[in-house]
Amino acid sequence: MALAVIVLAGCGPQVPQEVSSPADAEKITGWIEGMSLEEKAYFVTGTGMSGFGLNTEGFVSSPGAPVVGQTQSLVPGAAGTTYELADLGITPMVLADGPAGLRISPVRPGDTATYYCTAFPVATLLASSWDTGLIARVGEAMGSEVLEYGADILLGPGMNIHRNPLCGRNFEYYSEDPYLTGKMAAAMVNGVESKDVGTSIKHFAANNAETNRNALKTIVSERALREIYLEGFRIAVEESQPWTVMSSYNLINGTYAPENHDLLTKVLRDDWGFEGFVMTDWFGGRDPVAMMNAGNDLIMPGLPMQAEAILKAIKEGTLDVAVVDRNIERILQILIRSPRYKGYEYSGKPDLRASAEVTREAATQGMVLLKNERGALPLAEETRIIAAFGKTSLEIVTGGTGSGDVNEAYSVSLVDGLRGAGYDLHEDLLERYRKYMEAEKAKLPPVKPFMPSKPIPEMEVDILLARRAAAEADVALITIGRNSGEFFDRNIEDDFNLSVSEAAMIRNVCDAFREAGKKAVVILNIGGVIETASWKDIPDAILLAWQAGQETGNSVADIISGKVNPSGKLTATFPIKYGDVPSAGNFPGRMIETEKIDTAGNDIVASFMNPRFSEVVYEEGIYVGYRYYSTFEVPVSYEFGYGLSYTSFEYSNLVLSSDKFRNRLTVSIDVKNTGEVAGREVVQLYLSAPSGGLDKPSSELKGFGKTRALAPGEVQTLTFDLTPRSLASFDPSLSAWMAAAGEYTVKAGASSRDIRQSSTFSLAKSIKVKEESRALIPTETINELKH
Ligand code: BGC
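Let us look at the structure shown here. Along each chain, residues carry numbers from 1 onward, in the same order as the chain's sequence is written. Note on the predicted model: pLDDT of at least 70 is required for a residue's local features to be given, and 80 or more for side-chain atom pairs to be given and counted; whole-chain, interface and lining totals, by contrast, use all residues. Note that water and hydrogens are dropped before the side-chain values are worked out from all heavy atoms of the structure.

The next subject is the overall build of the chain. Scanning the chain from N- to C-terminus turns up 23 helices and 31 strands. Here the radius of gyration uses the C-alpha set of atoms, whereas the globule reference equals 2.2 Å times the residue count to the power 0.38. Taking 28 Å as the expected radius of gyration for a compact globule of 787 residues, we find that the chain reaches 26 Å, a close match to that expectation. The buried label applies to any residue whose accessible area, calculated with a 1.4 Å probe on protein chains only, is under 20% of its type's maximum; exposed applies above 50%, and partly exposed to all values in between. Taking all 787 residues of the chain together, 64% fall into the buried category. When contacts within the chain are restricted to residue pairs at least 6 apart in sequence, long-range pairs at least 24 apart make up 78% of them. Counting rule for charge: Lys and Arg are taken as positive, Asp and Glu as negative, and neither His nor the chain ends is counted. Every charge is mapped to an atom, namely NZ of Lys, CZ of Arg, CG of Asp or CD of Glu. Looking at the chain, you have 74 positive and 101 negative side-chain charges, and the mean spots of the two groups are 3 Å apart. Under the DSSP-based scheme used, a helix requires at least four consecutive residues in state H or I and a strand at least two consecutive residues in state E, with every element numbered from the N terminus. Between two residues, a contact is recorded if the distance between any of their heavy atoms is within 4.5 Å.

In structure tokens, the structure reads:
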């Protein structure tokens, strides 16, 4: 067999090639003709993962074995590679995570150079900026690192919907809203790919929980799929045509995503015109032949048994070789655009300083000011000493765990960021934290690679300690930290809800500082939504800093010092309590094969080796996030789209290009800075559809825009386009997007519940906007569901 062994190499082939399309087509045909059957079967599977414990059946052999980060080949620490076919001149491709920056090994044996990458802010923070231009710039910076470290495809962005706040990977995803998700992902893909490297939008589709993720049967209505779970992917495909798509682990209406022809062929290619190739998530799916037929072109990371199964099926005539050829062709179409194939001589030295600057700035744009009373923020000019409470003040969480983690060279803690901004810290308090944290950490079991470490409990802060600090410091900052990552969903206790010691810390510190005539500010260093309703009245201000990447401390300092005026707004609702979440009753699903439980717990290894199926029914249908809370008038703690500024804005002059919708309608609105400092405002455009016909959410996001930094008194006009698609809902009985006739209300809001201006237009006759394939039709169970 002529499959070349991949060896550690400094760079790709030396001869750059610029080839035109017909020549490419001819070359690709020639390559496929030149491959043996065996080469074909191996080429559609990846090269595996060295250092990864596999038993003879090719599955994980030991609990805790790391799933990624072990591909010690072309780019150490990358998640995987494709085969090189040296005789034909086919170069390998290196695929590396992930959404918050390139994930590779920072050091290599026998090499004094380092290969650190930038930990950019997590996706939810980026989306909270509502600034597609900014996201594209972050993407460009990420793409440069991918290119200069010799990778070909970045395994991101992640773009699943925040169906439930407990999903352990929500930080890797943008929002509960598909329109916003799609726009953000498209901007990110276009940014990264402007550097001539690829992306992989993931995880396609409806991968909204981590628990038992390899054997989770997701049951969801066609309408909810089209309008909520697929819509972001559609927008990203149509607006950025990513090089690749990564299929998800779960089953969708009975079929594994990578084996799902409806999903990967009918929807992705026939309906949306996707032109790249599809790869599995790592070890996703079960039947390699079904994957080939479904249009899952590449199986990652690839196991010899999968290639052998494909080879056998071809030989036995149960798999048409033309199917495999088609998949190979799709992979090769991308391969010829890859930097390694083109012979790009990567430097190993991306401009990390420039990336750090983008990170620091981007983070400030996505942080959300949730509360600001008594003029707490920005900190008064005379502020000198800050009392920093909360263990996370010293050990900031820059991003989540798992493949979404990055090996960065440094991270700026909150304390360091504050010092850098010229503040002094209450040193006795810090010293107390240091000693406490050291002692608590010593009690913890060793951290498993790739897995989140068990958090140490928050230090008890009683009123006496708080008072001592209040006597000496000018202001208190109280940091609440959270971390999570793949394989696990979050818990309600001590995670979604504050722990008893966190709640006591907030109460005692705020009381003590208020008694002393001083202020207290809570900083939320979290990756997903938490409960805020029970304690938000207590502090003077709350800044949602998210997990803001390696510059987190500097970015927080930029905001609280007033150097940057916050302008982020929420991309997910903060409910009053977990029980209010529309999917609270059916997340993350229930085990349906309990009799197969023969290994302890519900761990990943067990589900790889012996899947025990669980099932989750998306009973809430299209009523996800604000679509539910607004339509059913459920009170929330902070609504979708909410966020404060140090200044104020006035909206006026909402103008529609017509009061009758034909093919397009333009909406414009003036935004004026009516406060005293410069600032940016995010304007959201919601649409309420006429009643009758399909039931509709009370309003849906159909556009958004962000002003430039407006000086006090300055006005900017923002414009938005509404297309037939903006008016349409998916009607499963017609398998089509239909815009209903009647009167529509356009609402320009500072949030989903703070509508500042509105107007109406009418549509004379209903329009069939687009007919789609009949696909992904659920079982009878779901047909009983309304939405
Ligand atoms: C994750 C993917 C990731 C892949 C490769 C999987 O465990 O779900 O998001 O890209 O590993 O690291």
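Having seen the structure, we can now continue with the description.
Let us look at the layout of surface pockets. Here a cavity is any set of points on a 1 Å grid over the protein atoms alone where a 1.4 Å probe fits but cannot get out, and a pocket is any open set with protein on both sides within 12 Å along at least 5 of 7 lines; a residue lines the site when it has an atom within 4 Å of a point. Grid points are joined across faces, edges and corners, and a volume is the space filled by probe spheres set on the points. Each pocket or cavity is described by its volume, and for the second largest pocket that value is around 690 Å³. Forming the walls of the second largest pocket are 31 residues, and the residues nearest its centre are Tyr 179, Lys 183, Ile 235, Glu 239 and Lys 702. Broken down by secondary-structure element, the contributors of at least two residues to the lining of the second largest pocket are α4 (132–148), α5 (178–193), α7 (231–240), β25 (700–706), β26 (715–722), α22 (724–727) and β27 (728–731). Looking at which element gives the most residues to the lining of the second largest pocket, the answer is β25, with 7 residues. Of the residues contributing to the lining of the second largest pocket, the split by class is 9 nonpolar, 8 polar and 14 charged. Each residue gets one of three labels, nonpolar for Ala, Val, Leu, Ile, Met, Phe, Trp, Tyr, Cys and Pro, charged for Asp, Glu, Lys and Arg, and polar for the others, Gly among them.

Turning our eyes to something else, we now look at the pairing of strand β16 (residues 519–525). Most of β16 sits inside the fold, with 6 of its 7 residues counted as buried. What makes two strands pair is DSSP finding at least two bridges between them. Summarising the sheet, strand β15 (residues 475–481) and β16 pair through 7 bridges and their orientation is parallel. Each residue of the ladder has a partner; that of Ala 476, found in β16, is Ala 520. Here β16 runs beside strand β17 (residues 541–544); their pairing, made up of 4 bridges, is parallel. Of the residues in β17, the one forming a bridge with Val 521 is Ala 541.

Bringing the nonpolar core into the picture now. What makes a nonpolar core is a set of buried Ala, Val, Leu, Ile, Met, Phe, Trp, Tyr and Cys residues whose side-chain atoms join them at distances within 4.5 Å. One finds Phe 204, Tyr 229, Phe 389, Phe 513 and Leu 524 to be the most contacted residues of the largest nonpolar core, which totals 164 residues. Discounting chain neighbours no more than four positions away, the residues touching Tyr 229 are Ile 161, Arg 163, Ala 205, Ala 206, Asn 208, Val 220, Ala 224, Tyr 618, Glu 620 and Val 624. Of all hydrophobic cores here, the second largest spans 46 residues; its members include Ile 28, Ile 32, Met 300 and Leu 319.

What follows concerns the packing of aromatic side chains. Here a ring pair, both rings aromatic, is described through the centre-centre distance and the interplanar angle of the planes. Centres within 6.5 Å are what make two rings of Phe, Tyr or Trp a pair, Trp counting through its six-membered ring; a difference in plane orientation under 30 degrees is then read as stacked, over 60 as edge-to-face, and the rest as tilted. If you walk through the whole model with that rule in mind, you get 24 aromatic pairs. Consider the rings of Tyr 179 and Phe 704, whose centres lie 6.0 Å apart with planes at 80 degrees: the pair is edge-to-face. In this pair, Tyr 179 is assigned in helix α5 and Phe 704 in strand β25, connecting sequence segments 525 residues apart. Residue class for Phe 704 comes out buried when judged on its relative accessible area of 15%. Residues Phe 487 and Phe 488 carry aromatic rings whose centres are separated by 6.4 Å and whose planes lie at 75 degrees to one another, so their mutual orientation is edge-to-face. We classify Phe 487 as buried; its relative accessible area is 7%. Classification of Phe 488 as partly exposed rests on a relative accessible area of 43%. Sitting over a ring, as applied to charges here, requires NZ of Lys or CZ of Arg to be within 6 Å of the ring centre and within 35 degrees of the ring normal. The ring of Tyr 618 carries the charged tip of Arg 163 above its face, separated from the ring centre by 3.9 Å. Above the ring of Phe 613, the side-chain terminus of Lys 217 is found at 4.8 Å from the ring centroid.

One open sheet accounts for 6 strands, arranged β1-β2-β5-β6-β8-β11; its pairing is mixed. Edge positions in the sheet fall to β1 (80–81) and β11 (277–279), since each of these pairs with one other strand and no more. In this sheet, strand β8 (residues 244–247) lies alongside strand β6 (residues 198–204) in parallel orientation, the contact comprising 3 bridges. When the sheet's bridge partners are listed, Ile 201 is paired in β8 with Val 245.

Going through the model one piece at a time under the given rule, you end up with 10 cavities of 30 Å³ or more. By volume, the largest cavity is sized at about 120 Å³. In this structure, the largest cavity is lined by 15 residues; those nearest its centre are His 162, Arg 163, Pro 165, Glu 176 and Thr 573. For the lining of the largest cavity, the class distribution of residues is 8 nonpolar, 5 polar and 2 charged.

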